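# Chains, contacts and geometry: an overview
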Amino acid sequence: MSASDTHAMRRDQVELAPPSAIKLNINDQVRQLEVDPRTSLLDALREQLRLSGTKKGCDHGQCGACTVLINGRRVLSCLTLAVMHEDDEIMTIEGLGDPGHLHPMQRAFVERDGFQCGYCTPGQICSAVGMLAEVKAGWPSHATTDVSSSRVALTDDEIRERMSGNICRCAAYPNIVAAIRDSAEGGAI
């Protein structure tokens, strides 16, 4: 038997993983679905639950377009499996606010024109909300000047460092920083 025949036989013998029935708490709503256990949270959100606000950018955790909040912390949904989050609270951009009742961060992005094409905006906003919670908790970053203090000074450099995992290909960065600063100063933390 040739090596290619052996490889083809092994490929035919590979069994598909049986689907997993899971319940996910998304935007304060429990949703039931069946997923291949290898399904990323991003794909479950977009393809099975039709929550298209979370964007698929690079699918490698490098652009931040897929950022969601899990238990209040920002997570790249393309790098985590849906089956891992049954007991977690997942918040997507759709759960932060709606056109009639915008979240303060969404409102700041609109007021400061913190978007251009809008593709990265949901991930930017979810990341900014999670980032402000980190600041409130006193977590330092690489740009924090006094890491011994429990109070982080939210300078533009601090905001840029903390948001560096979210890419905006339209380069709306100055407006994004201004929106985050406005939201933080308005008490949206």
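Everything below is about the structure printed above this text.
Residues numbered from 1 in each chain as written. Predicted model: local features only at pLDDT ≥ 70, side-chain atom pairs only at ≥ 80, totals over all residues. Heavy atoms only, no water.

## Things to note about the state of the cysteines
Test applied: To count as a disulfide, a pair of cysteine sulfur atoms needs to be within 2.5 Å.
Taken as a whole, this structure holds 0 disulfides when the rule is applied. The thiol of cysteine 170 is not disulfide-bonded; the next cysteine sulfur, from cysteine 117, is found 3.7 Å away.

## A look at the pattern of salt bridges
Going by this rule: We define a salt bridge as a contact between a side-chain nitrogen of Lys or Arg and a carboxyl oxygen of Asp or Glu at a distance within 4 Å. Each residue's exposure class comes from its accessible area (1.4 Å probe, protein chains only) as a fraction of the maximum for that residue type: buried when under 20%, exposed when over 50%, partly exposed otherwise. A helix here means a DSSP run of H or I that spans at least four residues, while a strand means a run of E at least two residues long, and both kinds are numbered starting from the N terminus.
Following the criterion strictly, the structure yields 9 salt bridges and no others. With a shortest N-O distance of 2.7 Å, arginine 38 and aspartate 36 are connected by a salt bridge. When its relative accessible area of 54% is taken as the criterion, arginine 38 is described as exposed. Relative accessible area serves as the criterion here: at 27%, aspartate 36 is assigned to the partly exposed category. Linking arginine 74 and glutamate 134 is a salt bridge whose minimum nitrogen-to-oxygen distance equals 3.0 Å. Of this pair, arginine 74 sits in strand 4 (residues 73–76) while glutamate 134 is found in helix 5 (residues 121–136), placing the two residues 60 residues apart along the sequence. Judged by its relative accessible area of 23%, arginine 74 is partly exposed. Residue glutamate 134 is classed as buried on the basis of its relative accessible area, which comes to 14%.

## What to know about the nonpolar core
Basically, it comes down to this: The nonpolar core is taken to be a set of buried Ala, Val, Leu, Ile, Met, Phe, Trp, Tyr and Cys residues, with the residues joined through side-chain atoms within 4.5 Å. In this description, contact between two residues means that some pair of their heavy atoms is separated by no more than 4.5 Å.
Counting 25 residues, the largest nonpolar core has Leu96, Met105, Phe109, Met131 and Ile180 as its most contacted members. Those elements giving two or more residues to this core turn out to be helix 3 (93–96), helix 4 (104–111), helix 5 and helix 7 (173–185). For this core, the leading source of residues is helix 5, giving 7 residues. If sequence neighbours within four positions are ignored, methionine 105 has contacts with Ile125, Ala128, Val129, Leu132, Ala179, Ile180 and Ser183. By size, the runner-up hydrophobic cluster in this structure holds 14 residues, among which are Leu33, Ala44, Leu51 and Ile70.

## Some details on the environment of serine 148
Put simply, the rule is: Definition of a polar contact: a pair of N or O atoms within 3.5 Å, with one able to donate and the other able to accept a hydrogen when the atoms are protein atoms, and with sequence-neighbouring residues admitted only if both atoms are side-chain atoms.
Relative to the elements of secondary structure, serine 148 occurs in the loop between helix 5 and helix 6 (156–162). You can call serine 148 exposed: its relative accessible area is 69%. Placed 111 residues apart in sequence, serine 148 and proline 37 show a C-alpha to C-alpha distance of 42 Å. Polar contacts involving the side chain of serine 148 include one to the side chain of aspartate 146, which spans 2.6 Å.

## Regarding the sheet that holds strand 4
The following threshold applies: A pair of strands is considered paired only if DSSP assigns at least 2 bridges between the two. In this analysis, axes come from line fits to C-alpha atoms, helices being fitted only over the stretch in contact, and the angle between any two N-to-C directions falls in the range 0 to 180 degrees.
The sheet built from 5 strands is open, its strands ordered 2-1-5-3-4 with mixed pairing. At either end of the open sheet lies a strand with only one pairing partner, and these are strand 2 (29–35) and strand 4. Across the sheet, the mean angle from the axis of one strand to that of its neighbour is 40°, orientation sign disregarded. For strand 3 (residues 67–70) and strand 5 (residues 89–91), the ladder comprises 2 bridges, and the chain directions are antiparallel. If you follow isoleucine 70 over to strand 5, its bridge partner there is isoleucine 90. Sheet strands touched by helix 2 (residues 41–48): strand 1 (20–26), strand 2, strand 3 and strand 5. Its angle to strand 2, the strand with the most contacts, is close to 100°. Sheet contacts for helix 5: strand 3, strand 4 and strand 5; angle to strand 3, the most-contacted strand, approximately 40°.

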